[in-house]
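Structure assessment
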Amino acid sequence: MRINQFYTCFLFLFFLFGLIFYEFLNIQYIDEILILILILYTTIHVIGTPKPVNKETYYFTAIIIFYLIYSFYIKITSGKAILLDLQQQIKPYAAFYCTYYLNPIFTKRQKLFINRTINLFSILTIFIIFTGNAQLFFEGPLAALATTMLTLSLYHFFFTIKASNIAKKKSFFIMSIGLFSGKAKFIGEYIMSIYFFFFNKKKIKLLSIKVLFILSIAGALILYFIWDKFYFYINGAINPEEKLARPLLYLTGFQILQDYFPLGTGFGTFCNEAARTVYSPLYYKYNLNTVWGITPDNPKFAADCFYPNLTQFGVIGIFLFIIFWIRRYREIKNSIFFKDYIIGMVILIIIFFEAIADTSYLSNRGIPFFILLAFIVTQYKRLKKTNKQNKKQIE
């Protein structure tokens, strides 16, 4: 199977079973299965083709192996928790680096097929909402609905043949379905998306007065819409005695950085699904086991946000995390096509906003963003390589 055919099938299956029917069919390991298939498919290509793997992928693999050995050495939690968290942590990066290597080039027919599929899934989602089945398909507070529509809208825009205003409006309509989720984070992402889709006409300079002014206005609008929730968490951080789960996870994260400087506590120890499922000893050590939602018998909020999870890799791990995203930002900024730049910037906003109060970064809902990010980056790399080859031929 050709690479573009593989990705066309992969995306169809992921949208259908990894997003739309994920909660309804309760197939919790579908994202792991699909990523495993992607890794195996990539491995076959690495073995069977002379194309070299880029250095960053090797560095990432070496870092993961180092932290795996370190986790077993420091032995704060069980081997089961370490291995469970290992596969969770590598999922989004595996999706990115595999796609980065395979570098799929889609035909016009494949792009049309994917966009029509997204249109059908969007219509299906509207039907689900208006028949009162949203919680059945997207569970609880409907966070999955918000990220699903963000995903489908950005893929729809990416695979649009011509990036016209009509195409933007169609993609943005799909995104707007996420408003039915009522999620505060989505409001922030939606406001910033409006700016990048319809008002931003050129690549921005982050420290320019104009951009800082626009960010201030956008920040004020976002705070206006989410003030109640924002105040709730700020109050919880200022008054730890109130024992609110999410603020305490952040505060404890800072303490872990100090206590386990510089490498952290290792895989499966704090604020992730593995630490929640195989209850982490750190929750006892920092008295979080008495906080509602983080207790051993009710650890519902023990993995309620992404950023505190980084503290298990220490200051060095956070530094490496920042390097990864600085590289991605630079690649997005260097995008040849302005459409790719818009999508890339919106992806960054979504990933960083979601990580504040969700762990979608490591879940089924985060993977499509990393794949789409790789599509954008590889287009830039592909064109850069072509220009170098043309330059050599001229010389």
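Details of the structure are given in the entry above.
This section reports on the structure supplied with the text. (Residues numbered from 1 in each chain as written. Predicted model: local features only at pLDDT ≥ 70, side-chain atom pairs only at ≥ 80, totals over all residues. Heavy atoms only, no water.)

Remarks on the overall build of the protein
Across its full length, the protein carries 16 helices and zero strands. On C-alpha atoms alone, the protein measures out to a radius of gyration of 21 Å, which is about the 21 Å that the 2.2 N^0.38 rule sets for 395 residues. Here the C-alpha coordinates of the protein stretch approximately 65 × 50 × 50 Å along the principal axes. Across the 395 residues of the protein, 53% fall into the buried class. Taking as baseline every contact in the protein between residues at least 6 positions apart, the subset at least 24 positions apart corresponds to 76%. Approximately 19500 Å² of the protein is accessible, and the part contributed by carbon and sulfur atoms is 68%. (Helix = DSSP H or I, 4+ residues; strand = E, 2+ residues; numbered from the N terminus. Rg over C-alpha atoms; globule rule 2.2 N^0.38 Å. Buried < 20%, exposed > 50% of the residue type's maximum accessible area, 1.4 Å probe, protein only. Contact = heavy atoms within 4.5 Å. Areas by Shrake-Rupley, 256 points an atom, 1.4 Å probe, with all protein chains shown as cover.)

A few points about the packing of helix H7 (residues 143–158) against helix H9 (residues 184–199)
Two numbers describe how H7 lies on H9: the axes approach to 11 Å, and their chain directions differ by 15 degrees. Comparing the axis directions of H7 and H9 gives the class roughly parallel. The interaxial crossing formed by H7 with H9 has left-handed handedness. Residues Ala146, Leu150, Leu154 and Phe157 of H7 form the contact with H9, whose own contacting residues are Phe186, Glu189 and Phe197. (Axes fitted to C-alpha atoms, helices over the stretch in contact; angles between N-to-C directions. Parallel < 35°, antiparallel > 145°, perpendicular 65-115°, else oblique. Left-handed = near helix turned anticlockwise from the far one by under 90°.)

Focus on the environment of Glu32
Position of Glu32 relative to the elements: it lies in helix H2 (residues 30–48). C-alpha separation for the pair Glu32 and Gly293, spaced 261 residues apart in sequence, amounts to 26 Å.

Observations regarding the packing of aromatic side chains
Within this structure, the stated rule accounts for 55 aromatic pairs. Measuring from ring centre to ring centre gives 5.2 Å for Tyr195 and Phe196, while their planes differ by 75 degrees; the resulting arrangement is edge-to-face. Judged by its relative accessible area of 15%, Tyr195 falls in the buried class. Given a relative accessible area of 3%, Phe196 falls into the buried group. Above the ring of Phe157, the side-chain terminus of Lys339 is found at 6.0 Å from the ring centroid. For Lys339, the ring lying beneath its charged end belongs to Phe158, and the centroid distance is 5.8 Å. (Phe/Tyr/Trp six-rings, centres within 6.5 Å; stacked < 30°, edge-to-face > 60°. Lys NZ or Arg CZ within 6 Å of the ring centre and 35° of its normal.)

Description of the pattern of salt bridges
Scanning all chains against the criterion turns up eight salt bridges. As a salt-bridge pair, Glu56 and Arg328 come within 2.8 Å of each other at their nearest N and O atoms. Of this pair, Glu56 sits in helix H3 (residues 55–74) while Arg328 sits in helix H14 (residues 314–333), and the two are 272 residues apart along the sequence. Glu273 is the salt-bridge partner of Arg276, the closest N and O atoms lying 2.6 Å from each other. Residue Arg276 and its partner Glu273 are located together in helix H12 (residues 273–277), separated by three residues, close to a single helical turn. Given the relative accessible area of 32%, Glu273 is considered partly exposed. (Salt bridge = Lys/Arg side-chain N within 4 Å of Asp/Glu carboxyl O.)

A closer look at the nonpolar core
Counting residues in each nonpolar core, the largest one holds 100 residues, and the members touching the most others are Leu154 and Phe375. When residues in this core are grouped by element, the largest group, eleven residues, is from helix H4 (residues 79–102). Those residues in contact with Phe375, other than ones at most four positions away along the chain, are Tyr7, Leu11, Thr99, Pro104, Phe106, Tyr155, Phe158 and Phe159. Listed in part, the 18 residues of the second largest apolar core include Ile256, Tyr260, Cys271 and Tyr286. (Core = buried A, V, L, I, M, F, W, Y, C linked by side-chain atoms within 4.5 Å.)

Focus on the side chain of Asn364
Its place among the elements puts Asn364 in the loop between helix H15 (338–354) and helix H16 (367–394). Note on Asn364: relative accessible area 6%, which makes it buried. If near-sequence neighbours (up to four positions away) are discounted, Asn364 is found in contact with Phe14, Gly18, Leu19, Tyr22, Asp31 and Lys91.

Here we look at a nonpolar patch on the surface
On the surface, a nonpolar cluster with roughly 240 Å² of combined accessible area is contributed by Phe12, Leu13 and Phe113. Tracing the backbone through its elements, the reader meets Phe113 in helix H5 (residues 108–130). For Phe113, a relative accessible area of 41% corresponds to the partly exposed category. (Patch = residues over 30% accessible without salt bridge, like charges linked within 9 Å, V, L, I, M, F, W, Y side chains within 5 Å.)

Side note on the packing of H7 against helix H8 (residues 165–176)
Between H7 and H8, the shortest axis-to-axis distance is 7 Å and the interhelical angle comes to 165 degrees. In terms of axis orientation, H7 runs roughly antiparallel to H8. As H7 packs across H8, the resulting crossing turns out to be right-handed. Here Met149, Leu150, Leu152, Ser153, Leu154, His156 and Phe157 of H7 lie close against H8, whose contacting residues are Ala167, Lys168, Lys170, Ser171, Ile174 and Met175.

Quick word on unusual backbone geometry
Cis geometry marks the peptide bond from Phe261 to Pro262; its omega dihedral reads 0 degrees. Topologically, Pro262 is positioned in the loop between helix H11 (245–259) and H12. For Asn26, which is not a glycine, the phi torsion comes out positive at approximately 55 degrees. Asn26 gets classed as exposed once you look at its relative accessible area, which sits at 52%.

A few points about H15
Over its 17 residues, H15 extends 24 Å from the first C-alpha to the last, a length consistent with the 24 Å expected when each residue adds 1.5 Å. Burial of H15 is extensive: 14 of the 17 residues sit out of reach of the surface. (Expected span 1.5 Å × (residues − 1).)

Examining H5
Along an α-helix, residues three or four positions apart point the same way, because every turn accommodates 3.6 residues. With 23 residues, H5 extends 33 Å between its outermost C-alpha atoms, agreeing within 8% with the 33 Å of an ideal straight helix rising 1.5 Å per residue. By the burial criterion, the buried members of H5 are Gln110, Ile114, Asn115, Thr117, Ile118, Phe121, Ser122, Thr125, Ile128 and Ile129. The inward-facing, buried residues of H5 contact helix H1 (3–20), helix H6 (134–138), H7 and H8. Once H5 ends, the next one or two residues include Gly132, with phi positive near 75 degrees.

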